[in-house]
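Descriptive analysis of the structure
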Amino acid sequence: MDLIHKFLNLVAPSFTFFSLFFILPPFYLFKSFLFILRSVFPENLAGKVVLITGASSGIGEHLAYEYGKRGARLALAARREKSLHDIADRARDLGSPDVIVIRADVSKVNDCRRLVDETMDHFGRLDHLVNNAGINSPCLFEDAPPDMANFRTIMDTNFWGSVYSTRFALPHLKNSNGKIVVLSSAASWMNDPRYSVYSASKAALTAFFDTLRIELGSDVTITVASPGYIESELTTGKYLEEDGNFQVHQDIRDVQIGPVPVASVSGCAEAIVKSARRGDRYVTQPSWFRMTYLWKMLFPELVDLGYRLFTLARPGGPHQEALNKKILDLTGLKNVVYPSSIQSPEIKTD
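Residues numbered from 1 in each chain as written. Predicted model: local features only at pLDDT ≥ 70, side-chain atom pairs only at ≥ 80, totals over all residues. Heavy atoms only, no water.

By the naming in an unreviewed UniProt entry, the protein chain is Ketoreductase domain-containing protein, taken from Hibiscus sabdariffa. Listed under Sequence similarities (unreviewed entry) in UniProt, the entry text for the protein chain is "Belongs to the short-chain dehydrogenases/reductases (SDR) family." UniProt, in the comment section headed Subcellular location (unreviewed entry), describes the protein chain in these words: "Membrane". (UniProt positions renumbered as here; feature names shortened; annotations may be inferred.)

Here is the structure:
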C-alpha cells in the first residue's frame, strides 16, 4: 500500500500539471459555449412555483421581486409575517400572478415540513427552492458564552434550515426537474474573525450541496450563491444576542466590513436569478469577490495577517480600536462605500 501512495505522490503532480496545460483550455472553451447557449435560452419562469425562505428582507426580499418580475408564482416564508405581506403585495405589482405567505422558522424541522406542504397544497407543484434564511452572531470564539447557544442557533438556521427544507422539497423538485438555489457566502472561504461559526455554517452549506449535486445528477439543478458584502440587515449590523433577541451593532459591523464597498441587493438578486435560470453551478456577487478565493488559496498567510491587522484590536482592547473602524471614522469613507440603506440602524421589526 505504501508503494502505491509513493507512486501516486510522483504521478499526481505531473498529471495535474499536464491537465492544466492540455485539458483545461478545451474544457473551459466548452463551458463558455454552454454559458452562452444558456444565456441565450434561459429558463422561462412564467408560471413556475418558487419557494423562498428568509424572504422578509434583504436578498430574500429582492429575490421575490426578481422572480415576480418574470411571472413566477411565489411562496414566501419567514418569521415576520407583516413584512412578508408587504413584500407579497409588491411582488404581485411587479408581475407575479399568485403569492402566498407562510410564517415559519426554518430552524424547526416541523416548520420546514409545513412550509413545503402548504406550498404544494396551494400550487400543486414546486419548481425552485431558494434556501436563503440566515443569521449571524459575531464574537471572538473565546468570548462566547459557555453554553454556546448562539452558535447552535446559527447552525440550526443557516445550515439545518436549508437541509430540512431541501429534504421535504426534494421529491417535488425531482417531479418537476426543478432547481435549488442556496445562499452560502464568501465568508465560507474568507474566514473573517468573529465569524467562526457563521463561516462554518456557510462552508457546510457549500459542501453539503456540492455533494447533493452529485447524488441527484440531472434530476435537480443546484446553484450555490456566495455573495460578498451586500446591503441587507446583516450589513446593517443586525446580530443575534446572547438572550436570543436581535439587536443592531453598527460599530461591530464597521469593524468587520471596514472600507470594503457594499454592493446593491437588487443587483445581487438579479445576478442570482439569472444564474439559476442558466443552471450555473456557482455565482458570486459582486463578481470581483471571486478573486478573494484565489487570494486565500495563493497567499493564506497574507490574508490572515490582513485580517489580524484590520479587524482585531490590541489584546484586551475594545473592538472600536480596530484599524478598519479607525479608517472609516477618520476618512468618512462610510458615506461613499456603504449604501444609504445600511447607514441607519433602523430595521424591520415585524
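There is more to say, and it comes next.
**Details of the overall build of the protein chain**
Check the secondary structure of the protein chain and you find 15 helices and nine strands. The C-alpha radius of gyration computed for the protein chain amounts to 21 Å, which stays within 12% of the reference 20 Å derived for 350 residues, consistent with globular compactness. C-alpha atoms of the protein chain, sized along the principal axes, occupy 60 × 55 × 40 Å. Taken across its 350 residues, the protein chain has 47% of its residues classed as buried. Summarising the internal contacts of the protein chain: among those between residues at least 6 apart in sequence, 73% fall at separations of at least 24. By element, 59% of the accessible surface of the protein chain is carried by carbon and sulfur atoms, the whole surface being about 17600 Å². Charge separation in the protein chain, taken as the distance between the mean sites of 38 positive and 38 negative side-chain charges, equals 6 Å. (Helix = DSSP H or I, 4+ residues; strand = E, 2+ residues; numbered from the N terminus. Rg over C-alpha atoms; globule rule 2.2 N^0.38 Å. Buried < 20%, exposed > 50% of the residue type's maximum accessible area, 1.4 Å probe, protein only. Contact = heavy atoms within 4.5 Å. Areas by Shrake-Rupley, 256 points an atom, 1.4 Å probe, with all protein chains shown as cover. Lys, Arg positive; Asp, Glu negative; His and termini not counted. Charge placed at Lys NZ, Arg CZ, Asp CG, Glu CD.)

**A few points about the sheet that holds strand E3 (residues 99–103)**
The strand order across the open sheet formed by seven strands is E3-E2-E1-E4-E5-E6-E9, and the pairing between neighbours is parallel. On the outer flanks of this sheet lie E3 and strand E9 (282–283), each paired with one strand and no other. Relative to strand E5 (residues 179–183), strand E4 (residues 128–131) is paired through four bridges, and the arrangement is parallel. If you follow Val 130 over to E5, its bridge partner there is Val 181. Across the sheet, helix H4 (residues 81–94) lies against strand E2 (73–78) and E3, angled at about 165 degrees from E3, the strand it touches most. (Pairing = 2+ DSSP bridges. Axes fitted to C-alpha atoms, helices over the stretch in contact; angles between N-to-C directions.)

**Focus on the packing of helix H13 (residues 300–311) against helix H14 (residues 323–331)**
Following both chains from N to C, one finds H13 and H14 inclined at 55 degrees, their axes separated by 5 Å at the closest point. The angle between H13 and H14 places the two elements in the oblique class. Each of Leu 309, Phe 310 and Thr 311 in H13 lies in contact with H14, whose residues at this interface are Leu 323, Asn 324 and Ile 327. Of the residues assigned to the contact of H13 with H14, the class counts are four nonpolar, two polar and no charged. (Parallel < 35°, antiparallel > 145°, perpendicular 65-115°, else oblique. Nonpolar A, V, L, I, M, F, W, Y, C, P; charged D, E, K, R; others polar.)

**Comments concerning the UniProt feature "domain: Ketoreductase" (unreviewed entry) in the protein chain**
Look at the UniProt record and you will see "domain: Ketoreductase" (unreviewed entry) annotated at residues 48–233. Between the C-alpha atoms that bound residues 48–233 the distance is 28 Å, and the span itself is 51% helix and 16% strand.

**Section: the pattern of salt bridges**
Two side chains that carry opposite charge are able to pair once their charged atoms sit near each other. Taken as a whole and judged by the stated rule, the model has 21 salt bridges. In this structure, Lys 274 and Glu 270 form a salt bridge, with 3.3 Å as the shortest nitrogen-oxygen distance. Taken together, the positions of Lys 274 and Glu 270, both in helix H11 (residues 265–278) and four residues apart, correspond to about one turn of that helix. Taking the relative accessible area as the measure of exposure, Lys 274 reaches 39% and is therefore partly exposed. A relative accessible area of 31% places Glu 270 in the partly exposed class. (Salt bridge = Lys/Arg side-chain N within 4 Å of Asp/Glu carboxyl O.)

**As for the packing of aromatic side chains**
A complete count under the given rule lists twelve aromatic pairs for this structure. Centre to centre, the rings of Phe 159 and Trp 160 are 5.0 Å apart; their planes meet at 70 degrees, and the pair counts as edge-to-face. Classification of Phe 159 as buried rests on a relative accessible area of 12%. Relative to Phe 208, the ring of Phe 159 lies with its centre 6.0 Å away and its plane at 90 degrees, an arrangement referred to as edge-to-face. Of the two residues, Phe 159 is situated in helix H6 (residues 149–175) and Phe 208 in helix H8 (residues 196–216); the sequence distance between them amounts to 49 residues. Through a chain of ring-to-ring contacts, three or more aromatic side chains come together here, namely Phe 159, Trp 160, Tyr 164, Phe 208 and Phe 209. Above the plane of the ring of Tyr 28 lies Lys 31, whose end atom (NZ or CZ) is 5.2 Å from the centre. The ring of Tyr 65 has Arg 90 sitting right over it, with the charged end atom 4.3 Å from the ring centre. (Phe/Tyr/Trp six-rings, centres within 6.5 Å; stacked < 30°, edge-to-face > 60°. Lys NZ or Arg CZ within 6 Å of the ring centre and 35° of its normal.)

**As for H11**
Here H11 spans 20 Å end to end across 14 residues, near enough to the 20 Å set by a 1.5 Å rise per residue. Among the residues of H11, those classed as buried are Val 265, Cys 268, Ala 269, Ala 271, Ile 272, Val 273, Ser 275, Ala 276 and Arg 278. Along its buried surface, H11 packs onto helix H2 (24–40), helix H3 (58–69), E4, E5, strand E6 (221–225) and E9. Once H11 finishes, Gly 279 follows within two positions and takes phi at roughly 80 degrees, a positive value. (Expected span 1.5 Å × (residues − 1).)

**Quick notes on the pairing of E3**
Both faces of the sheet carry side chains from a regular strand, because those side chains alternate between them. Bridging between E2 and E3 involves five bridges; their strand directions are parallel. The residue of E3 that forms the bridge with Leu 76 is Val 101. Since E2 and E3 lie parallel, the crossover through H4 that links them has a hand, and here it is right-handed. (Right-handed = clockwise from strand over helix to strand, strands pointing away.)

**Considering the packing of H3 against H11**
In the contact formed by H3 and H11, the axes pass within 8 Å of each other and the chain directions differ by 60 degrees. One element, H3, and the other, H11, form an angle in the oblique class. Of the two elements, H3 crosses H11, and the hand of that crossing is right-handed. Across the interface between the two elements, Gly 58, Ile 59, His 62, Leu 63, Glu 66 and Tyr 67 of H3 pack against Val 265, Ser 266, Cys 268, Ala 269, Glu 270, Ile 272, Val 273 and Ala 276 of H11. In the contact of H3 with H11, the residues fall into nine nonpolar, three polar and two charged. (Left-handed = near helix turned anticlockwise from the far one by under 90°.)

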